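Chain by chain, the residues run as shown.
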Amino acid sequence: MPIIIKTITGRGVPVRGNDIDTDRIIPARFLRCVTFDGLGAHAFEDDRKQLTAQGKTHPFDEARFQGAKVLVANSNFGCGSSREHAPQAIAKWGITAIVAVSYSEIFYGNCIAMGVPCLKVSVADSDAIQSLIEADPKVEVTIDLEALQVRVGAKTFVAQMADGPRKQFVTGAWDATGELIEGAAAVKAAAGRLPYVTNFA
Amino acid sequence: MSKGTLFDKVWDLHTVRPLSSGQTQLFIGLHLIHEVTSPQAFAMLRERGLKVPYPERTVATVDHIVPTEDQARPYADTQAEEMMVHIARNCKEFGIRLYEPGSGKQGVVHIIAPEQGLTQPGMTVACGDSHTATHGAFGAIAFGIGTSQVRDVLATQTLSLGRMKVRKVQVDGKLNPGVYAKDVILHILRKLSAKGGTGFAYEFAGSTFAAMTMEERMTICNMAIEGGARCGYINPDETTFAYLKGREHAPSGANWDKAVAYWKSIASDTDAVYDDVKAFRAEDIAPTVTWGISPDHGVGVGESIPAKESFTQDDWATVEEAYQYMDVKAGQPIAGMKIDVAFIGSCTNGRISDLREAAKVITAHGGQVASHVKAFIVPGSEAVKKVAEAEGLDKVFLKHGFEWREAGCSMCLAMNPDKLQGRQVSASSSNRNFKGRQGSPSGRTLLMSPAMVAIAALEGKVADVRTVLK
């Protein structure tokens, strides 16, 4: 059964900073594994440890943000390595949707394939949403893929998502494997048209 | 919207059908897999009872976790050993070719596929690795994917994707001595930023790229992803065809001419339309070194670390974080910055021409690796290692105090025993200077060309390679 995702509501967690790469989200040493199990505990591990050593606290460690479902980031989130371990770690920590100014495309594609919607908002709005959550960590955050909005308490922000991925979520087609398999005959035909597949015959 | 570019032609040729969401079902001509991002994909196939309908279109190797010193099995790292066991079992079960150490064909996935002639113009290439962009050097549309998408390619030979825009990145003119492909791409990243290419495929065009060898073109396309462009490519030409001719998996005999005709047909038309164009002059590019924590934090070796005000205000926080992490100040010259480790290798710069250039610099300098520096050279593949040894390059390296290793990804991402310790500073020919990238959570990376790494190793600090190349 396809899982339709139209809205997600829960508390938020702000992770500030541009260009947060997937090595920071999950350091490479945790990629020495054959399943994604247990990655949630190591999300942002080195950033968290370094902040702790400086007497500060990473949002993923702050008591007030535990149980959050919506991660709010800034520009170029998830850049760098294609490792799906990064969104898997975030998801296993408890995140089910992400709001940011922009994403690396591979990270974004991984999130679609995992059923984690990623909405885009303006630079000013990402900062405003993060500030609202920091001021009131209990505030309810809703991402709405039909209205293309992020609602934080009584405030509403305009959000964007390309039409293709948006439709994938609202129709439950984000897990594309089934539909890709259904196209097997068309795949065979397409392969037959490619000179290198037919050995230039 | 772009029209008549190589991207448009290859995309259209590989379009199977539109999906209900409006995304495109795209056929993948060459699927490459390695031990890190594939085990979960095979597990998903088993969970869902799926088969691999086109096993001959997937090729596997091992590179990320492979030790570059002691390769005796079982590996000391039991998790790495488990991953090796898994990929061998998975490939056997699903009928996929696997090039393991000792086969003569193992190496960094983005190095072995081109050297065996697997990567060809006009193909779509996907791999669970962001540096798949490398294969665009041949005029292929090549991009990195995640593990769920590896599952989709294995199960269907296709992906669900949205079309990208196309930006022409034009560089014309002749590079000055001591300026390499690595400097060109670091310069482009610096000018277009790490996120500037998001949503775009980069077409690298102009006389500078036309004059480059295939290996240099691979260095360029490899780092398109560091600029946010999921793929980068260069139109195929006689240089491309000459490289491919005679390689194991390249077309041969009567098929060769037909293949060349196809390859020529998919090149961008002279009147192609682009979504955007950016242009640079080769003469403006100097040997470039990164000083910060993003590959777009580059400066010419004669320059100083830039003030935050030279960046857009939105990036000031990141720039300040970079100063703090790297322990540098705006206005400080990059030349003279002390290094602890020198690494030559990776899918960016681990090919034979990179090693030849490093050897040339080392010989011209004539000195030994500085006493406080650990320097090591990791060939990108078993084939590269063999050629290097036949040419005696290994002897040059060893004589001057460099270590000579077995093929693998090594300290590019440090998933193997090659890691920085503590706050060490590395001069690295790899592609990413992210925080913690080279294995120590507080380690620091300066990206540069292999020639610049070689001179840094000998001098013990960032130095200008042009001083020995006169």
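Please read all numbers here as calculations on a predicted model, not as lab measurements.

Visitor: I keep staring at the overall build of chain A and nothing clicks. Help me out?
Guide: A count of helical and extended segments in chain A gives eight helices and eight strands. Structurally, chain A occupies a C-alpha span of about 65 × 40 × 30 Å along its principal axes. The buried share among the 201 residues of chain A stands at 50%. Sequence separation of 24 or more characterises 68% of the internal contacts of chain A that already satisfy a separation of 6 or more.

Visitor: I would appreciate a short explanation of the overall build of chain B in the present structure.
Guide: Within chain B one finds 16 helices and 19 strands. In summary, chain B has a C-alpha radius of gyration of 21 Å against a globular reference of 23 Å for 470 residues, a match within 12%. With the principal axes as the frame, chain B shows a C-alpha extent of 55 × 55 × 45 Å. Looking at the 470 residues of chain B, the share that counts as buried comes to 62%. Once local pairs closer than 6 in sequence are excluded, the contacts in chain B between residues at least 24 apart make up 77%.

Visitor: Is there a simple way to explain the interface of chain A and chain B in this structure?
Guide: Accessible area lost upon the coming together of the parts is a frequently used measure of interface size. In this assembly, 58 residues from chain A lie in contact with 67 residues from chain B. When contributions to the side of chain A that touches chain B are tallied by element, the ones reaching two or more residues are helix H1 (22–25), helix H2 (45–53), helix H4 (105–114), helix H6 (163–170), helix H7 (177–182) and helix H8 (184–193) of chain A. Considering every element that reaches the side of chain A that touches chain B, the biggest residue donor is H4 of chain A, with six residues. Of the residues belonging to the side of chain A that touches chain B, the class tally is 25 nonpolar, 19 polar and 14 charged.

Visitor: Explain the packing of helix H6 (residues 181–192) of chain B against helix H8 (residues 214–222) of chain B to me, please; I cannot follow it from the model alone.
Guide: The relative placement of two packed helices is expressed as an angle between their axes plus a distance between the axes. Residues and elements named next belong to chain B. Orientation of H6 relative to H8, taken along the N-to-C sense of each, is 25 degrees, at an axis distance of 8 Å. By the criterion of interaxial angle, the relationship of H6 to H8 is roughly parallel. In this structure, the crossing between H6 and H8 has a hand that is right-handed. Contact residues: H6 offers Ala181, Lys182, Val184 and Ile185, while H8 offers Glu216, Thr219 and Ile220. Class assignment for the residues of the contact of H6 with H8 results in four nonpolar, one polar and two charged.

Visitor: Any chance you could explain helix H1 (residues 6–14) of chain B here in plain terms?
Guide: An α-helix turns once every 3.6 residues. As a result, residues three or four positions apart point the same way. Taking burial as the measure, the nine residues of H1 of chain B include eight buried ones, the bulk of the element. Buried within H1 of chain B are the following residues: Leu6, Phe7, Asp8, Lys9, Val10, Trp11, Leu13 and His14 of chain B.

Visitor: In this structure, what is going on with the environment of isoleucine 455 of chain B? I would like to understand it.
Guide: All names here are of chain B. As for its position among the elements, isoleucine 455 is in helix H16 (residues 450–459). Isoleucine 455 sits 392 residues away from aspartate 63 along the chain, and the two C-alpha atoms are 27 Å apart. If we ignore the near neighbours within four places in the chain, the residues touching isoleucine 455 are Val361, His365, Ala463, Val465 and Val468.

Visitor: What is the right way to look at the sheet that holds strand S9 (residues 165–172) of chain B in this model?
Guide: Backbone hydrogen bonds hold the strands of a sheet together, and the pairing may be parallel or antiparallel. Residue and element names in this part refer to chain B. Strand order across the open sheet formed by four strands is S11-S10-S9-S12, with parallel pairing between neighbours. Because the sheet does not close on itself, it has two edges, and the strands there are strand S11 (231–233) and strand S12 (276–281). Neighbour-to-neighbour, the strand axes of the sheet open up by a mean angle of 20 degrees, direction not taken into account. Contacting S9 and S12, H6 runs over the sheet at an angle of about 125 degrees to S12.

Visitor: It is not clear to me how the domain arrangement of chain B should be interpreted in this structure. Could you clarify?
Guide: All names here are of chain B. We note that the domain assignment places domain 1 (6–161), domain 2 (165–236 + 269–284) and domain 3 (288–467) within chain B. Across the boundary between the two partners, domain 1 contributes 18 residues, which contact 18 residues of domain 2. At the level of secondary structure, the elements contributing two or more residues to the side of domain 1 that touches domain 2 comprise H1, helix H4 (109–115) and strand S7 (141–144). Each residue belonging to the side of domain 1 that touches domain 2 can be placed in one class, and the counts come to 11 nonpolar, seven polar and no charged.

Visitor: Quick question: what am I supposed to make of the pairing of strand S6 (residues 124–127) of chain B here?
Guide: Remember that side chains alternate between the two faces of the sheet whenever the strand is regular. Residues and elements named next belong to chain B. Burial along S6 is two-sided: the face carrying Thr124 and Ala126 and the face carrying Val125 and Cys127 are both buried. With three bridges connecting them, strand S3 (residues 30–33) and S6 associate as parallel partners. Bridge pairing in S6 links histidine 31 to alanine 126. Pairing analysis gives four bridges linking S6 to S7, with the strands arranged parallel. By the bridge assignment, cysteine 127 is partnered in S7 with glycine 144.

Visitor: Would you mind showing me how to read unusual backbone geometry here?
Guide: Among all residues except glycine, the phi angle is most often negative; among peptide bonds, the trans geometry is most common. In this structure, the amide linkage connecting arginine 73 of chain B to the following residue, proline 74 of chain B, adopts the cis form with an omega of -10 degrees. Among the secondary structure elements, proline 74 of chain B is positioned in the loop between strand S4 (58–61) and helix H3 (78–94). Positive phi, close to 55 degrees, is recorded for asparagine 76 of chain A, a residue that is not glycine. Residue position: asparagine 76 of chain A is located in the loop between strand S3 (70–72) and helix H3 (85–93). Of note in the backbone geometry, aspartate 327 of chain B takes a positive phi value of approximately 60 degrees without being a glycine. Residue position: aspartate 327 of chain B is located in the loop between helix H11 (316–326) and strand S15 (341–344).

Visitor: Please clarify how the pairing of strand S8 (residues 158–161) of chain B should be interpreted in this entry.
Guide: All names here are of chain B. Side chains Thr158 and Ser160 project from S8 onto one buried face, and the interleaved Leu159 and Leu161 project onto a second face that is buried too. Here four bridges tie strand S2 (residues 24–27) to S8, and the two strands are oriented antiparallel to one another. Opposite glutamine 25, over in S8, you have serine 160 as the bridge partner.

Visitor: Would you take a moment to explain H4 of chain A for this structure?
Guide: Residues and elements named next belong to chain A. With respect to burial, H4 is a largely interior element, 10 of its 10 residues being buried. Within the span of H4, buried status applies to Glu105, Ile106, Phe107, Tyr108, Gly109, Asn110, Cys111, Ile112, Ala113 and Met114. Of the residues one or two after H4, glycine 115 is the one with positive phi, at around 80 degrees.

Visitor: Explain the sheet that holds S6 of chain B here, please?
Guide: Residues and elements named next belong to chain B. Pairing is parallel in the open sheet, where five strands are placed in the order S5-S4-S3-S6-S7. Each edge of the sheet is formed by a strand with only one pairing partner; in this case those strands are strand S5 (97–99) and S7. Strand-to-strand, the axes of this sheet are offset by a mean angle of 20 degrees, without reference to chain direction.

Visitor: Please clarify how the packing of helix H13 (residues 352–365) of chain B against H16 of chain B should be interpreted in this entry.
Guide: Residue and element names in this part refer to chain B. Look at H13 against H16: their axes get within 8 Å of each other, and the N-to-C directions meet at 35 degrees. The hand of the H13/H16 crossing is right-handed. In this structure, H13 contributes Asp354, Glu357, Ala358, Val361, Ile362 and His365 to the contact, and H16 contributes Pro450, Ala451, Ala454, Ile455 and Leu458. Split into classes, the residues belonging to the contact of H13 with H16 amount to eight nonpolar, one polar and two charged.

Visitor: Please clarify how the environment of threonine 270 of chain B should be interpreted in this entry.
Guide: All names here are of chain B. When you line up the elements, threonine 270 lands in the loop between helix H10 (254–265) and S12. The exposure class of threonine 270 is exposed, given the 6 C-beta atoms found within 10 Å. A sequence separation of 266 residues divides threonine 270 from glycine 4, and the C-alpha atoms of the two residues are 8.5 Å apart.

How each quantity is defined
Residues numbered from 1 in each chain as written. Chains lettered and ligands numbered in written order. Predicted model: local features only at pLDDT ≥ 70, side-chain atom pairs only at ≥ 80, totals over all residues. Helix = DSSP H or I, 4+ residues; strand = E, 2+ residues; numbered from the N terminus. Buried ≥ 20, exposed ≤ 12 C-beta atoms within 10 Å, placed from the backbone. Contact = placed C-beta atoms within 7 Å. Rg over C-alpha atoms; globule rule 2.2 N^0.38 Å. Nonpolar A, V, L, I, M, F, W, Y, C, P; charged D, E, K, R; others polar. Axes fitted to C-alpha atoms, helices over the stretch in contact; angles between N-to-C directions. Parallel < 35°, antiparallel > 145°, perpendicular 65-115°, else oblique. Left-handed = near helix turned anticlockwise from the far one by under 90°. Pairing = 2+ DSSP bridges. Domains from an automatic or database assignment.

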